[in-house]
Amino acid sequence: MTTRSNRVVMLFFILFLQIPRNRGASKMTTTWQQFDGKRLLRSELSNSSEEVTQLVNAGFLMQENGLIHVKGRMMCRRCGNDDPFLFAKHPCAKCQKTCTYCRHCLSLGKVSECGSLYRWTGKEQPMPQVKKSLMWQGELSVGQQKASDAVIAAIWQKKSLLVWAVCGAGKTEVLFRGLERAFEQGQRVLLATPRTDVVKELYPRLKKSFPTVLISALYGGSKERHPCAQFVIATTHQTMRFYKAFDVVIIDEVDAFPFSFDKSLQYAVTQAKKDPSATIYLSATPSRALLRDPAIDIIKIPLRYHGFPLPDPRFSWCGNWSKTLKKKRLPQQIKSWLDHQHSQNKPALLFVPSISTLKTVSSILQNKKITHAHVHAEDPKRHEVIQSFRDQQIPLLVTTTILERGVTFKGVQVAVLGAENDVFTEAALVQIAGRVGRSAQEPNGDIVFFHYGISQAMRAARRHIQAMNQEGMKK
């Protein structure tokens, strides 16, 4: 009998001696499920210290230092952080020394100098081969079908693909046939997106489309945390716990903050992929670096799924809006636009450049008895507010760029106050404009950039939209 076989027998023998015989199989299954495809802290393990030691000694668990030194710099093995300013020291009760820990991924549990990370090195648990998993009955446009075929090919060939699609092109539906093929082959899939709001919107749609596939939604405070789910929809931050777990990785809104700026999130997604694996990037506004990467194939969808062009943003000068707000007044152009949307019974989304501006605008609206709500990234109730607006219980929503992408509101009309502000980049303005006219029933709508001077980003955003519309009309 081989050494490996001896270890397997020894581990089963140990576990069966320690627990009642009728619970042995379930105990072993629980152990596999807990570790498989993850890299976890000791505090995240439900096993006793003795069980963990036995698993390590038997070769089923790999115990690794959480913090390591790479080229003279300390690095967190979980998140890849090597910025000296994102490490800290404290007196440690565990090692009785002054111990270094990573501050960057602290919200997921402390990775410290004296601590370890654990990952499963035993036999990989196979995923089920789910036949005919897709229950979606819709039809794809010509552009969507081409992109869908490219996604299937990338998954089959384990290649990298960028789906460059205009806002409202139906990127999620483009993935469906590729996902169906992956689940049929018993593959495990990760769909990572930078924002919690997007996870919350995607999860019910995908669960409805793939009812026979075990799906997990991971974000801060989420409850749908199924161990060993075959399809994981997660914020990019949550992917830090995974290690070589996925055959297919889909990165939604790859250009969005914080993923595009945080190298640790990019590191985490790379660590989560098996080798080899397929990587699908989705974006309406891809970066130049992504477009120039020779290892990534590109498929473009310049037209929305319903065949109508993107609404062309119009520019409207509104004077020194900041000075007007300080006088507790709205610029007249903004007030007129809001009155018009109200008279037409149209839901209105008003973007502002900062939280302080948002609070000022909200206060003015409140004084004028204008029914509204406001949201920003720090708002603990933002999900409830967004859902109320989606359900048309609120006629006007004032927001920061938190809602620039990944959300759909039926029949919404959109305005940007202070569109010349630096926070409104070309990509942000294109995404904001993309909130309008997303449904086939209401493919048109108003998108207006209120400004105190036209910026280069505003011009670039309009050129971007016009160029995609022109290309789409040629198809």
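Because the structure is predicted, anything quoted here is derived from the model rather than measured. (Residues numbered from 1 in each chain as written. Predicted model: local features only at pLDDT ≥ 70, side-chain atom pairs only at ≥ 80, totals over all residues. Heavy atoms only, no water.)

A. Just the packing of helix H6 (residues 196-209) against helix H12 (residues 382-390), in detail. Two numbers describe how H6 lies on H12: the axes approach to 11 Å, and their chain directions differ by 50°. Put simply, H6 runs oblique to H12. The hand of the H6/H12 crossing is right-handed. Touching Thr-196, Asp-197, Lys-200 and Glu-201 of H6 are Arg-382, His-383, Ile-386 and Arg-390, all from H12. Here the residues of the contact of H6 with H12 are counted per class, giving one nonpolar, two polar and five charged. (Axes fitted to C-alpha atoms, helices over the stretch in contact; angles between N-to-C directions. Helix = DSSP H or I, 4+ residues; strand = E, 2+ residues; numbered from the N terminus. Parallel < 35°, antiparallel > 145°, perpendicular 65-115°, else oblique. Left-handed = near helix turned anticlockwise from the far one by under 90°. Contact = heavy atoms within 4.5 Å. Nonpolar A, V, L, I, M, F, W, Y, C, P; charged D, E, K, R; others polar.)

B. Representation of the sheet that holds strand E10 (residues 215-218). On the basis of which strands lie adjacent, the open sheet formed by seven strands has the order E10-E11-E9-E12-E13-E8-E14 and parallel pairing. Every interior strand has two partners, whereas the edge strands, E10 and strand E14 (296-301), have only one. Between one strand and the next, the sheet's axes are offset by a mean angle of 15°, whatever the strand orientation. Direction of pairing for strand E9 (residues 189-193) relative to strand E11 (residues 231-235): parallel, over a ladder of five bridges. (Pairing = 2+ DSSP bridges.)

C. Up close: the sheet that holds strand E18 (residues 396-399). With respect to topology, six strands assemble into an open sheet ordered E15-E20-E19-E16-E18-E17, the strand pairing being parallel. With one partner strand each, in any of the chains shown, strand E15 (314-317) and strand E17 (373-375) form the two edges of the open sheet. In this sheet, neighbouring strand axes are inclined to one another by 20° on average, regardless of whether the strands run parallel or antiparallel. The pairing of strand E16 (residues 348-351) with strand E19 (residues 413-417) spans four bridges and is parallel. Counted as the bridge partner of Phe-351 is Val-416 from E19.

D. A look at a positive patch on the surface. A cluster of like positive charges, contributed by Lys-323, Lys-327, Arg-329 and Lys-368, occupies part of the molecular surface. Within the secondary structure, Lys-323 is located in helix H9 (residues 321-326). (Patch = residues over 30% accessible without salt bridge, like charges linked within 9 Å, V, L, I, M, F, W, Y side chains within 5 Å. Areas by Shrake-Rupley, 256 points an atom, 1.4 Å probe, with all protein chains shown as cover. Salt bridge = Lys/Arg side-chain N within 4 Å of Asp/Glu carboxyl O. Lys, Arg positive; Asp, Glu negative; His and termini not counted. Charge placed at Lys NZ, Arg CZ, Asp CG, Glu CD.)

E. Just unusual backbone geometry, in detail. In this chain, Asp-275 is followed by Pro-276 through a cis amide linkage whose omega measures 5°. Note on placement: Pro-276 falls in strand E13 (residues 273-283). Unlike most non-glycine residues, Lys-328 shows phi in positive territory, near 65°. With respect to the secondary-structure elements, Lys-328 resides in the loop between H9 and helix H10 (332-343).

F. Seen up close, the packing of aromatic side chains. Following the criterion strictly, the structure yields nine aromatic pairs and no others. Between Phe-176 and Phe-210 the ring centres are 5.7 Å apart and the planes differ by 80°, which places this aromatic pair in the edge-to-face class. Here Phe-176 is found in helix H5 (residues 171-184), whereas its partner Phe-210 is found in the loop between H6 and E10, with 34 residues between them in sequence. Given a relative accessible area of 3%, Phe-176 falls into the buried group. Residue Phe-210 is classed as buried on the basis of its relative accessible area, which comes to 0%. Between Phe-183 and Phe-210, the ring centres sit 5.5 Å apart and the planes meet at 80°, which makes this aromatic pair edge-to-face. Of the two residues, Phe-183 is situated in helix H5 and Phe-210 in the loop between H6 and E10; the sequence distance between them amounts to 27 residues. A single burial state applies to Phe-183 and to Phe-210, both of which are buried. In this structure an aromatic cluster arises from ring pairing among Trp-136, Phe-176, Phe-183, Phe-210 and Phe-231. One Lys or Arg, Lys-300, reaches over the ring of Trp-164 and ends 4.1 Å from the middle of that ring. (Phe/Tyr/Trp six-rings, centres within 6.5 Å; stacked < 30°, edge-to-face > 60°. Buried < 20%, exposed > 50% of the residue type's maximum accessible area, 1.4 Å probe, protein only. Lys NZ or Arg CZ within 6 Å of the ring centre and 35° of its normal.)

G. Local environment of the confidence of the model for the chain. The pLDDT averaged across the chain works out to 89; a share of 92% of its residues lies at or above 70. Contacts of residues 1-26 to residues separated by more than four positions or lying in other chains number 29 contacts, the stretch itself having pLDDT below 50. (pLDDT = per-residue confidence, 0-100.)

H. Broad picture of the nonpolar core. Ranked by internal contacts, the top residues of the largest apolar core, which has 92 residues, are Val-163, Phe-210, Phe-231, Ile-250, Ile-280, Leu-349 and Leu-403. Residue contributions to this core peak at six residues, all from H5. Beyond its immediate sequence surroundings of up to four residues, Ile-280 is in contact with Val-151, Ala-154, Leu-161, Val-163, Leu-175, Val-249, Ile-250 and Ile-251. (Core = buried A, V, L, I, M, F, W, Y, C linked by side-chain atoms within 4.5 Å.)

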